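Now for the letters of each chain:
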Amino acid sequence: MAMVRYKSALPRTTLATFLPDQVTGLLGDVVRFVRRYVVVTPEQLITIALWIVHTHAADACEQTPYLLITSPEKQCGKTRLLEVLTLLAHQPWPVVTPSEAVVYRYIEAKQPTLLLDEVDTIFSPRSAEKHEGLRALLNMGNRKGETVPRCVGSSSKVKNFSTYCPKALAGIGSIPDTIADRSLPIRLARRKRDETVQRLRRRDVEDEARALRARLDEWCEEHFDRLREAVPTAPDALTDRQQDATEPLLAIADALSGPWPALAREAVVSLCTVERLDSSETLRLRLLADLKAILGSDRQKTTEAILADLSRAAPDERRDLA
């Protein structure tokens, strides 16, 4: 007798049909908390929520994917998203261009979730030498057990500092490939008029956030051994490095079960296989701003005169404009 396969009465949830208000359980609550205050795509929302869970379970993982929050211009919600992460992540440490000594010592002592804003200044050619130590930390800090040697004390004794901890990096424009390849890209854009969010007043949501963090800690403690031993199947569409980066999030999704394993894989493929355009878009916006300043009310300038004015206005960027 032939086996009859019955279809489920509930259709499989995909990114195209994903609605934050309809998902249940712990991750559903995280999803709704995040979406309340920031506008993101479904794949970004799912990835952010899984990454938040990961910050509470980083000790169970061999590596941690960076959450790379970028935009082509200001006022796209990067800082607001960092504020939301500060409320939900494990031992959050929000900072802006901290000193090298502080970062190495704090991560060594606390193993926090580093929430680093204005990261584009660290990789700017004009300040590269000043932030060389932070770049070294970011290049090595995604794998457990990796250390960076530094001289400490008046005797210049060498100490190997642990650099492993979850990290979210926010900035304008593009980030070097060495960092981007270790990251889950969250590329934001300015909110449209018909896209609504609530105002974030920390005092009004601290109790809710504290309770949600406690639930995350409890879930991660209960599933610690499973997450530590997990070998989730990664989508073939991802590169080897992308598969490594997404593995901790896929392990969490598999442990949560329900719609999350399929949604997580669809989300990371959608995020990681698109072309990064922040750098070129930033350049276009900068060029338009320069043109507006140069032309003013004069619309009769020749092309040669405009190019000469652009070169004088931004001599450090002539090679980019060419």
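One numbering rule holds for all chains: residues counted from 1, following each sequence as written. Selection of residues for local features in this predicted model requires a pLDDT of at least 70, selection of side-chain atom pairs for listing and counting requires 80 or more, and totals for whole chains, interfaces and linings are taken over all residues. Just so you know, side-chain values use all the structure's heavy atoms and leave hydrogens and water out.

### Points about the sheet that holds strand 6 (residues 167-172)
Which entries qualify depends on this criterion: Paired strands, as defined in this entry, are two strands with at least two bridges between them according to DSSP. Secondary structure counts use DSSP, requiring at least four H or I residues in a row for a helix and at least two E residues in a row for a strand, with both numbered from the N terminus. For helices, the fitted line uses only the C-alpha atoms of the stretch in contact; every axis is such a line through C-alpha atoms, and the angle between N-to-C directions lies from 0 to 180 degrees.
Strands sit in the order 2-3-6-1-7 across an open sheet of five strands; the sheet is parallel. Both outer strands of the open sheet, strand 2 (92-96) and strand 7 (183-187), are each paired with one neighbouring strand and no more. Each strand of the sheet is rotated relative to its neighbour by a mean of 15°, with strand direction disregarded. Bridge count between strand 1 (residues 66-71) and strand 6: five bridges; the pairing is parallel. Opposite threonine 70, over in strand 6, you have glycine 171 as the bridge partner.

### Considering helix 1 (residues 25-37)
Operational definition: For the exposure calls, accessible area comes from a 1.4 Å probe over protein chains only, and a residue counts as buried if that area is under 20% of its type's maximum, exposed if over 50%, partly exposed in between. Here, two residues are considered to be in contact whenever any of their heavy atoms come within 4.5 Å of each other.
Taken residue by residue, helix 1 has Leu26, Leu27, Gly28, Val30, Val31, Phe33, Val34 and Tyr37 as its buried positions. Elements in contact with the buried residues of helix 1: helix 2 (42-55), helix 3 (78-88), helix 7 (202-222), helix 9 (240-256) and helix 10 (260-272).

### Focus: the packing of aromatic side chains
The condition is simple: Pairing of aromatic rings covers Phe, Tyr and the six-membered ring of Trp, with a centre-to-centre limit of 6.5 Å; geometry is then stacked below 30 degrees between planes, edge-to-face above 60, and tilted otherwise. Charge-over-ring contacts are defined here by two conditions on Lys NZ or Arg CZ: a distance within 6 Å of the ring centre and an angle within 35 degrees of the ring normal.
Scanning the entire structure with this criterion turns up four aromatic pairs. On the numbers, 4.0 Å between centres and 20° between planes, the contact of tryptophan 93 with tyrosine 106 is stacked. Placement of tryptophan 93 in strand 2 and of tyrosine 106 in helix 4 (residues 100-110) is noted, with a sequence separation of 13 residues between them. Classification of tryptophan 93 as buried rests on a relative accessible area of 11%. Note on tyrosine 106: relative accessible area 30%, which makes it partly exposed. Between tyrosine 104 and phenylalanine 161, the ring centres sit 5.8 Å apart and the planes meet at 75°, which makes this aromatic pair edge-to-face. On the criterion of sequence distance, the pair formed by tyrosine 104 in helix 4 and phenylalanine 161 in strand 5 (residues 157-162) is long-range, its members being 57 residues apart. Residue phenylalanine 161 is classed as buried on the basis of its relative accessible area of 3%. Taking the ring centre of phenylalanine 161 as reference, the NZ or CZ of lysine 159 above it sits at 5.4 Å.

### Describing the pairing of strand 1
With six of its six residues buried, strand 1 lies for the most part within the structure. Residue alternation in strand 1 divides its side chains into two sets, Tyr66, Leu68 and Thr70 and Leu67, Ile69 and Ser71, and both sets are buried. Where strand 1 meets strand 7, five bridges bridge the pair, whose relative direction is parallel. For leucine 68, the partnering residue across the bridge sits in strand 7 and is proline 185.

### Here's the deal with the nonpolar core
The cut-off we apply is this: As used in this record, nonpolar core signifies buried Ala, Val, Leu, Ile, Met, Phe, Trp, Tyr and Cys residues forming a set joined through side-chain atoms within 4.5 Å.
Counting residues in hydrophobic clusters, the biggest one holds 60 residues, and the most contacted among them are Val34, Leu85 and Trp260. For valine 34, the residues in contact, after removing those within four places along its chain, are Leu45, Ile48, Ile52, Leu81, Val84 and Leu88.

### Examining a negative patch on the surface
Our working rule: Here, patches come from residues exposed beyond 30% relative accessible area and free of salt bridges, joined within 9 Å for like charges and within 5 Å for nonpolar side chains (Val, Leu, Ile, Met, Phe, Trp, Tyr). Each accessible area is a Shrake-Rupley result for a 1.4 Å probe, and residues are judged covered by the shown protein chains and nothing else. A pair is scored as a salt bridge if a Lys or Arg side-chain nitrogen falls within 4 Å of a carboxyl oxygen belonging to Asp or Glu. In this tally, Asp and Glu contribute negative charge and Lys and Arg positive charge; neither His nor the terminal groups of the chain are included. By convention, the charge on Lys lies at NZ, on Arg at CZ, on Asp at CG and on Glu at CD.
Side chains of Asp217, Glu218, Glu221 and Glu222 sit close together on the surface and give a patch of like negative charge. The class of glutamate 222 is exposed, set by a relative accessible area of 61%.

### Observations concerning the pattern of salt bridges
Tallied over the full model, the rule gives twelve salt bridges. A salt bridge links arginine 215 to aspartate 29, with the nearest nitrogen and oxygen atoms 2.7 Å apart. Of the two residues, arginine 215 sits in helix 7 while aspartate 29 sits in helix 1, which places them 186 residues apart along the sequence. Within the structure, one salt-bridge network assembled from shared partners comprises Asp29, Arg32 and Arg215.

### As for the confidence of the model for the protein
Short version of the rule: Along the chain, pLDDT gives the predictor's confidence residue by residue, from 0 to 100.
Scored by pLDDT, the protein comes out at a mean of 86, with 88% of its residues at no less than 70. Confidence, expressed as mean pLDDT per element, reaches its minimum in the protein at helix 13 (residues 318-321) with 38 and its maximum at helix 2 with 98. pLDDT under 50 marks residues 1-10. Its contacts with residues more than four places away, or in other chains, come to zero contacts. Note that residues 315-322 has pLDDT below 50 and, in this model, seven contacts with residues that lie over four places away or in other chains.

### A short note on the packing of helix 1 against helix 2
Operational definition: Crossing handedness: left-handed means the near helix sits turned counterclockwise from the far one by under a right angle, and right-handed means the same turn made clockwise. The residue classification treats Ala, Val, Leu, Ile, Met, Phe, Trp, Tyr, Cys and Pro as nonpolar and Asp, Glu, Lys and Arg as charged. All others, Gly included, are polar.
Look at helix 1 against helix 2: their axes get within 9 Å of each other, and the N-to-C directions meet at 115°. Seen from above, helix 1 lies across helix 2 with right-handed handedness. Mapping the contact onto sequence places Leu27, Val30, Val31, Val34 and Arg35 in helix 1 and Leu45, Ile48, Ala49, Leu50, Ile52 and Val53 in helix 2. Its residues assigned to classes, the contact of helix 1 with helix 2 comprises ten nonpolar, no polar and one charged.

### As for the packing of helix 2 against helix 10
The test is simple: In what follows, roughly perpendicular refers to angles from 65 to 115 degrees, roughly parallel to angles under 35, roughly antiparallel to angles over 145, and oblique to any angle outside these ranges.
Two elements in contact, helix 2 and helix 10, have axes whose closest approach is 9 Å; the angle formed by their N-to-C orientations is 115°. Between helix 2 and helix 10, the angle falls in the class roughly perpendicular. Classified by chirality, the crossing of helix 10 by helix 2 is left-handed. Facing Glu43, Gln44, Ile46, Thr47 and Leu50 of helix 2, the residues of helix 10 in contact are Trp260, Leu263, Ala264, Ala267, Val268, Ser270 and Leu271.

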